[in-house]
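Topology and contacts: notes
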Amino acid sequence: YSNPADALLAVSSGREFEVILCDQQMPGMTGTEFLKRLDVISPQAVRIMLTGNSDQQTPVEAVNAAKVFRFLNKPCPAERLIAAIDDGVEEYRRRELLNSTAASANTAEIARTEILHNMGHELRMPLNHILGFSELLRSTELEPDQVKEYADIIYGSGEKLLNEINNLIDLATIRAGAMEVVRSPVSCDAL
């Protein structure tokens, strides 16, 4: 686009641009101003700027304020420009991968927190049964039938607690890559 306003409209149309190439000297605004506005519309686009200006402030401002990935002086040989664009595309893809990885890590952390919360509840409930019914056995004169009933509740809660702890250990073993995978036919109806 020869007009920066038209370029901003094109970018804001929803079409994704991996690399944006602009000149510092453009009609109506500088390249730095253009790229600052672009950042609001398309923050993920990699920016390359060309300039014929030789002052030191322009590239510093472009890199710092407009997030320019590569700054090229004119005249710029075609092979150098093509190499800069190729580098920009690679940078865009690296950023996308990084963002995707960060999102996956965040999702995994949310899942891990939820599992720990749920496991905390699953561990506390049988432990409270064990402690509560043990206290009743210790502090109350009970009929033999009641003792057996409370002992059965304590035993069942202990089994549940042990099962949950074993599940946690299995999960840690799987995460560490130390559990052997055994493949075998399974009946879907039985599951």
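Residues numbered from 1 in each chain as written. Predicted model: local features only at pLDDT ≥ 70, side-chain atom pairs only at ≥ 80, totals over all residues. Heavy atoms only, no water.

Details of the layout of surface pockets
Selection criterion: Here the term cavity refers to a set of points on a 1 Å grid, laid over the protein atoms alone, in which a 1.4 Å probe fits but cannot get out; the term pocket refers to an open set having protein on both sides within 12 Å along at least five of seven lines, with lining residues being those that place an atom within 4 Å of a point. Grid points are joined across faces, edges and corners, and a volume is the space filled by probe spheres set on the points. Under the DSSP-based scheme used, a helix requires at least four consecutive residues in state H or I and a strand at least two consecutive residues in state E, with every element numbered from the N terminus. Residues were grouped as follows: Ala, Val, Leu, Ile, Met, Phe, Trp, Tyr, Cys and Pro as nonpolar; Asp, Glu, Lys and Arg as charged; and all remaining residues, including Gly, as polar.
By volume, the largest pocket is sized at about 210 Å³. Along its surface, the largest pocket is lined by 15 residues, and Tyr1, Ala7, Ile20, Leu21 and Phe34 are the ones closest to its centre. For the lining of the largest pocket, the secondary-structure elements that each account for two or more residues are helix 1 (4-12) and strand 1 (19-23). Here the lining of the largest pocket gets 5 residues from one element, more than from any other, and that element is strand 1. When its residues are assigned to classes, the lining of the largest pocket shows 12 nonpolar, 2 polar and 1 charged. Roughly 170 Å³ of volume is contained in the second largest pocket. Ala108, Arg112, Ile115, Leu116, Leu168, Leu171, Ala172 and Arg175 are the residues that line the second largest pocket. Elements with a contribution of two residues or more to the lining of the second largest pocket: helix 4 (78-139) and helix 5 (144-175). Looking at the lining of the second largest pocket residue by residue, the classes come out as 6 nonpolar, no polar and 2 charged.

Description of the pairing of strand 1
Spelled out, the test is: Each residue gets one of three labels from its accessible area relative to the maximum for its type: buried under 20%, exposed over 50%, partly exposed in between, using a 1.4 Å probe on protein chains only. In this analysis, strands are considered paired if DSSP registers two or more bridges between them.
Burial analysis of strand 1 places 4 of its 5 residues in the buried class, the great majority of the element. Relative to strand 4 (residues 46-51), strand 1 is paired through 5 bridges, and the arrangement is parallel. Note on strand 4: the bridge partner recorded for Cys22 is Met49.

Observations concerning the sheet that holds strand 4
Strand pairing in a sheet relies on backbone hydrogen bonds. The paired strands run either parallel or antiparallel. The cut-off we apply is this: To define axes, lines are fitted to C-alpha atoms, for helices over the stretch in contact only, and angles between the resulting N-to-C directions are given on a 0 to 180 degree scale. Contacts are assigned to residue pairs with any non-hydrogen atoms lying within 4.5 Å of each other.
As summarised here, the arrangement of the 3 strands in space is 1-4-5, forming an open sheet in which the pairing is parallel. Of all strands in the sheet, those with a lone pairing partner are strand 1 and strand 5 (68-73), marking the two edges. The sheet shows a mean angle of 20° between the axes of neighbouring strands, taken without regard to direction. The strands touched by helix 4 within the sheet are strand 1, strand 4 and strand 5, with strand 5 carrying the most contacts at an inclination of about 175°.

Side note on the packing of aromatic side chains
The cut-off we apply is this: Stacked, tilted and edge-to-face are the three classes assigned to paired rings of Phe, Tyr and Trp, where Trp is represented by its six-membered ring and a pair needs centres within 6.5 Å; plane angles under 30 degrees give stacked, over 60 edge-to-face, the rest tilted.
Within this structure, the stated rule accounts for 1 aromatic pair. On the numbers, 5.0 Å between centres and 55° between planes, the contact of Phe133 with Tyr150 is tilted. With Phe133 in helix 4 and Tyr150 in helix 5, this pair connects stretches of sequence that are 17 residues apart.

Side note on the pattern of salt bridges
Formally: Any carboxyl oxygen of Asp or Glu that lies within 4 Å of a side-chain nitrogen of Lys or Arg is treated as forming a salt bridge with it.
Enumeration over the complete set of coordinates arrives at 12 salt bridges. The partner of Glu91 in a salt bridge is Arg94, with the nearest N and O atoms 3.1 Å apart. Of the two residues, Glu91 and Arg94 are both situated in helix 4; the distance of 3 residues between them amounts to about one turn of the helix. Note that Glu122 and Lys160 form a salt bridge whose closest N and O atoms lie 3.1 Å from each other. Linking Glu122 in helix 4 with Lys160 in helix 5, this pair joins segments that are 38 residues apart in sequence. Take Glu122: its relative accessible area is 25%, and that puts it in the partly exposed class.

Observations concerning the nonpolar core
Counted only if it meets this: For this analysis, a nonpolar core means a set of buried residues of the types Ala, Val, Leu, Ile, Met, Phe, Trp, Tyr and Cys, connected via side-chain atoms within 4.5 Å.
In this structure, Ile20, Phe34, Leu35, Leu38, Met49 and Val68 are the most contacted members of the largest nonpolar core, which totals 16 residues. Those elements that provide at least two residues to this core are helix 1, strand 1, helix 2 (31-41), helix 3 (57-66) and strand 5. Setting aside anything within four residues of it in sequence, one finds Ile20 in contact with Val11, Phe34, Leu35, Leu38, Ala45, Val46, Arg47 and Ile48. The next biggest cluster of nonpolar side chains, apart from the first, holds 8 residues, and it includes Val46, Leu72, Ala84 and Tyr92.

Overview of helix 2
Note: α-helices contain 3.6 residues per turn, so residues at a spacing of three or four share the same orientation. The cut-off we apply is this: In this description, one arc is meant: the one made by directions from the helix axis to the C-beta atoms.
Among all positions in helix 2, only Gly31, Thr32, Phe34, Leu35 and Leu38 are buried. The arc enclosing the buried residues of helix 2, seen along the axis, measures out at 155°, which places them on a common side.

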